[in-house]
Amino acid sequence: MPWVLRGLRDGVVTTSYPRRADPYADGFPGTVKPLGHDPILDGRTVEDLCPTGAIRTDGGMLRVDSGRCILCGRCVVQRPDLFGWTPGSETARLTRDALVVPELPDTDDAVEQLRAELAARTRMLRRSVHVRHVDAGSDGSEEWEVLALLNPVYDVHRLGIFFTASPRHADVLLVTGAGSHGMTEPLRRTLEATPRPVVVIAAGVDAASGGLVAPGYAVAGGIATLLDVDVWVPGAPPSPFSLLHALLLATGRIQR
Amino acid sequence: MSVSVLRWPGTEQVTALAEELDQRIAGGQRFAALLGRGNPATGTVLSALVAHDGGVTPLSAQLPAGVTHYPSLTPQLPAAFWYERLIHDLVGLVPDGHPRLDPLVLPHREGGELPHPGAAGRPARIEPDERALPVEVHGPGLFTIPHGPVRSGVFESVEYLVETPGEDIPHVRIRPHAKHRGLQKRFEGLDVDDGVLLAERVEGVASVAHALAFAHAVERRAPLPQAAGLVRALHAECERIANHLDVLGKLADAAGLAVAAARFGLHKERVLRLVGALCGSRFGRGVVVPGGVSGLPRLPADAVSNELDRLQRGIDGDVRALCDTPSFLDRVRTTGPLAPDLAAAHGALGPVGRGSGCADDARVTRPYDAYRWLAPPLVPVRRAGDAQARMQVRIAEIETSFHLAHHAVGDLADCDTDTLATELELSAGRSVGWAEAPQGEVVYLLEIGADGRICYCAPRSASLHNLVLFPATFVGDILTDFPFNEASFGLSIAGVVM
Ligand code: SF4
């Protein structure tokens, strides 16, 4: 059978997202959220449960910082009364603080302002957008999820999203990894070669905060100290739908 | 002999280590790694790992405080070439007589601060010092074309230098250091439950295999519940299938077969979705815990079996079509040959080794977990050593993996699943763990301190061990062969530089 025909074998496999909801995207365990208040424990706090310090207890309020959470599930297994999975892939946010659940006070206003500002910058990108990926110290799984966007299930070309080899043609820098010191210069050079306006996406927990890889002598603890980040994507690694959400958010094609 | 002791005082144990390695290799054992720990100011240890039927044995040589130089092992044991560079970068020991002691993971100059894995102290920040990199020579007819570290396409960061010295065959040099993450040091001080999570991130596309090798080192062969062994095998085989599909897709893509690449991309997506449905993570993360597994598959057995069947049917057809596409075969046949004698001398791992006659597979010769009774067969080796041979090995492995995954699901339905993990008694000491990753055998050398926390952890991925062979496989037109050769090696840079 020639390849053209093989290509038709499974019928339409491509998602209709964002035009229509996608059940896989909606069911994906994308974040962990607190279900209750900070319990009084003797000696140990619930914060100690978490390997990356994603759990915070400020003033009796229990919060999970999705920008640090590596989705290991330990808190959910050990304290199902306090933590639970939240399904859904629309997890990208416009500020680092907005990755904290439940939301920190004043986050909303800050996000609204940024949204307007980003929309003004990206007015040109509504129809087609070129993305340059840069690995700044990933564990390698992030690249698989980025590449998945090109498979027939996500097929981002249908949305006018293209990956480009040259930063000179890029509208978006999609950066993975914790920010290894050895990538500081190459990342800076790539940014410099990219025309303005440019939107920078921190793809995954490692890029957002360094995840479990930080702190360490060789990584920056996230890329935000290396360049200005516009869109933050949690996940370890971020799922393809979360990355797609980030790209649509970055280009103002969906609002939240 | 006496001369070498004079020239390198305090290194008698290194000489003894080299002799024992010699004997063991002559006796058919395989050199698997050379790792270093400590600080020359306070004393260092060199550890060689040797793989053989039934296990991986660590052999160590202590170097007293103040000893900074030792006689290089590489002249006698070329497979130590990269390991001695790595040790030089992290520990600061200088192997005298090493043929090319260029930086590998952390460029630094004499006197610069180093991480010193396994030694006290935790440097806050070490910048790679690019001045330590060799100066590129330019001259009439001599060109160096750099590719990377930011590459064209969605790739991990790595720099390839293509040197074209006059009329000679061009040479590829690899500079992977840009994404060094300092993971060895990061392991130190973690407890083993956090350690296994970090192991999953050493080489993210082989999360399960790394978690297994780490957990095996912690467990020191303590018996595990049968169900835990089966869940582990199921995930390890799904990971292998996904990785091999990734390679097939990249090969097809390199040949410009857009539909074939899309088909393999679709299959791979389905495998990752199956894994996600089994455990919540598309990469099987969080499944392996020291002592067992964190949970049972979240799908009923027949649902898993049906999905495995559907996947296998789809993949089979596309694999056959790929192997029937002459324009494709022309591109992989004879491309990137790795000579069987070089592969054997180096102890090449995984599909790279098996494409060049090296059969060893940790699941078979050093079985662990459910492989002890699932008893997988050795995948038939190929000897051509080219990209096609490596691909054929992967195709055969996909079939074996489906078989093993089915078997594991079936057994799991029949076995006691009340207990999924054993309580481990952690005691201080050193141990080795191993697992067969899709890229080949992963080995961990681990030491637990008196406080039950990790005081030293050295992961050794198959990607690190195999990548050094990559430059040796270019014979024709570098630029056209490169994508095929790179894809057929199927390695991850994250796992190389850690
Ligand atoms: S899932 Fe793991 S990383 Fe995330 S908050 Fe819970 S314990 Fe922390």
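Please read all numbers here as calculations on a predicted model, not as lab measurements.

Scanning chain A from terminus to terminus reveals eight helices and 10 strands. Against the globule reference of 18 Å for 256 residues, chain A gives a C-alpha radius of gyration of 19 Å, in line with a compact fold. Overall size of chain A, expressed as C-alpha extent along the three principal axes, is 65 × 45 × 35 Å. In chain A, which comprises 256 residues, the proportion classed as buried is 57%. In chain A, the share of contacts with a sequence separation of at least 24, taken over all contacts with a separation of at least 6, comes to 78%. Entry remark: accessible area of chain A is about 10300 Å², with carbon and sulfur atoms responsible for 55%.

This paragraph deals with the packing of helix α7 (residues 226-254) of chain B against helix α8 (residues 258-279) of chain B. All names here are of chain B. It is at 8 Å that the axes of α7 and α8 come closest, and there the two elements cross at 160 degrees. Taken together, the axis directions place α7 and α8 in an arrangement best described as roughly antiparallel. Remark: the crossing between α7 and α8 carries left-handed chirality. Contacts between α7 and α8 pair L234, H235, C238, I241, A242, L245, D246, L248, G249, A252 and D253 from the former with A260, A261, F264, H267, K268, V271, L272, L274, V275, L278 and C279 from the latter. For the contact of α7 with α8, the residue count by class is 16 nonpolar, three polar and three charged.

Attention now moves to the side chain of S72 of chain B. All names here are of chain B. Position of S72 relative to the elements: it lies in the loop between β4 (69-71) and α3 (81-90). For S72, a relative accessible area of 6% puts it in the buried group. One polar contact links the side chain of S72 to the main-chain amide nitrogen of T74, over a distance of 3.1 Å. Side-chain polar atoms of S72 contact the side chain of E84, separated by 2.5 Å. Excluding residues that lie within four positions of it along the chain, S72 makes contacts with E84, P95, D96, G97 and H98.

Once that is clear, we can look at the packing of aromatic side chains. With the rule as written, the count across this model stands at 16 aromatic pairs over all chains. The interplanar angle of 70 degrees and the centroid separation of 4.8 Å between the aromatic rings of Y160 of chain B and F482 of chain B together place this pair among those described as edge-to-face. With Y160 of chain B in strand β7 (residues 159-165) and F482 of chain B in helix α17 (residues 478-489), this pair connects stretches of sequence that are 322 residues apart. The exposure class assigned to Y160 of chain B is buried, which follows from its relative accessible area of 2%. Their ring planes at 75 degrees and their centres at 5.2 Å tell us that F470 of chain B and F489 of chain B sit as a pair that is edge-to-face. One end of the pair, F470 of chain B, is in the loop between α16 (462-467) and α17; the other, F489 of chain B, is in helix α17, and 19 residues separate them in sequence. A connected cluster of aromatic rings, assembled from ring pairs, spans Y17, Y24, F28, Y154 and F241 of chain A. The ring of F81 of chain B has R85 of chain B lying over it, and the distance from NZ or CZ to the ring centre is 5.5 Å. When the ring centre of F283 of chain B is taken as origin, the NZ or CZ atom of R285 of chain B, which lies over that ring, is 5.8 Å away.

So, about the domain arrangement of chain A. Residue and element names in this part refer to chain A. Segmentation of chain A into domains returns domain 1 (29-87) and domain 2 (107-250). One C-alpha centre belongs to domain 1, the other to domain 2, and the line joining them spans 26 Å. If you look at the interface, domain 1 gives eight residues, while domain 2 gives eight residues. Between domain 1 and domain 2, the buried area comes to about 640 Å², and carbon and sulfur atoms account for 64% of it. Three residues stand out in domain 1 for area buried against domain 2, namely G67, R68 and I70, and they jointly supply 58% of the buried area on that side. Joining domain 1 to domain 2, the criterion identifies zero salt bridges. Taken together, the connections running from domain 1 to domain 2 amount to one residue pair in polar contact (both at pLDDT 80 or more).

It is worth spelling out the environment of A339 of chain B at this point. You can see A339 of chain B is positioned in the loop between α10 (326-332) and α11 (340-346). Counting along the chain gives 133 residues from A339 of chain B to A472 of chain B, while the straight-line C-alpha distance between them is 9.0 Å.

Residue and element names in this part refer to chain B. Examined at the domain level, chain B breaks down into domain 1 (1-131), domain 2 (143-179) and domain 3 (186-469 + 480-485). Both faces combined, the contact of domain 1 with domain 2 buries some 500 Å², and carbon together with sulfur accounts for 54% of it. Seen at the junction of domain 1 and domain 2, the total is zero salt bridges. Linking domain 1 with domain 2 are zero residue pairs in polar contact (both at pLDDT 80 or more).

What follows deals with the sheet that holds strand β1 (residues 30-39) of chain B. Sheet strands associate in pairs through backbone hydrogen bonding, adopting either a parallel or an antiparallel arrangement. Residue and element names in this part refer to chain B. On the basis of which strands lie adjacent, the open sheet formed by three strands has the order β1-β2-β3 and antiparallel pairing. Whereas interior strands pair on both sides, the edge strands pair on one side only; in this sheet they are β1 and β3 (55-63). Sheet twist, expressed as the average angle between the axes of neighbouring strands with direction ignored, equals 20 degrees. Sheet analysis places strand β2 (residues 43-52) next to β3, joined by nine bridges and oriented antiparallel. Bridging from a neighbouring strand, V50 pairs with T57 of β3. Docked against the sheet, helix α2 (residues 12-26) engages β1, β2 and β3, running at close to 160 degrees with respect to β3.

A separate point is the pairing of β1 of chain B. Every other side chain in a regular strand lies on the same face of the sheet, so the side chains alternate between the two faces. All names here are of chain B. When you tally the buried positions in β1, you get 10 out of 10 residues, the bulk of the element. Judged from the nine bridges that link them, β1 and β2 form a sheet pairing that is antiparallel. Its bridge partner lying in β2, L35 is registered against S47. Where β1 folds back on β2, the antiparallel hairpin that results is connected by three residues.

What counts and how
Residues numbered from 1 in each chain as written. Chains lettered and ligands numbered in written order. Predicted model: local features only at pLDDT ≥ 70, side-chain atom pairs only at ≥ 80, totals over all residues. Heavy atoms only, no water. Helix = DSSP H or I, 4+ residues; strand = E, 2+ residues; numbered from the N terminus. Rg over C-alpha atoms; globule rule 2.2 N^0.38 Å. Buried < 20%, exposed > 50% of the residue type's maximum accessible area, 1.4 Å probe, protein only. Contact = heavy atoms within 4.5 Å. Areas by Shrake-Rupley, 256 points an atom, 1.4 Å probe, with all protein chains shown as cover. Axes fitted to C-alpha atoms, helices over the stretch in contact; angles between N-to-C directions. Parallel < 35°, antiparallel > 145°, perpendicular 65-115°, else oblique. Left-handed = near helix turned anticlockwise from the far one by under 90°. Nonpolar A, V, L, I, M, F, W, Y, C, P; charged D, E, K, R; others polar. Polar contact = N/O pair within 3.5 Å; in protein donor to acceptor, adjacent residues only side chain to side chain. Phe/Tyr/Trp six-rings, centres within 6.5 Å; stacked < 30°, edge-to-face > 60°. Lys NZ or Arg CZ within 6 Å of the ring centre and 35° of its normal. Domains from an automatic or database assignment. Buried area = accessible area lost by both parts, 1.4 Å probe. Salt bridge = Lys/Arg side-chain N within 4 Å of Asp/Glu carboxyl O. Pairing = 2+ DSSP bridges.

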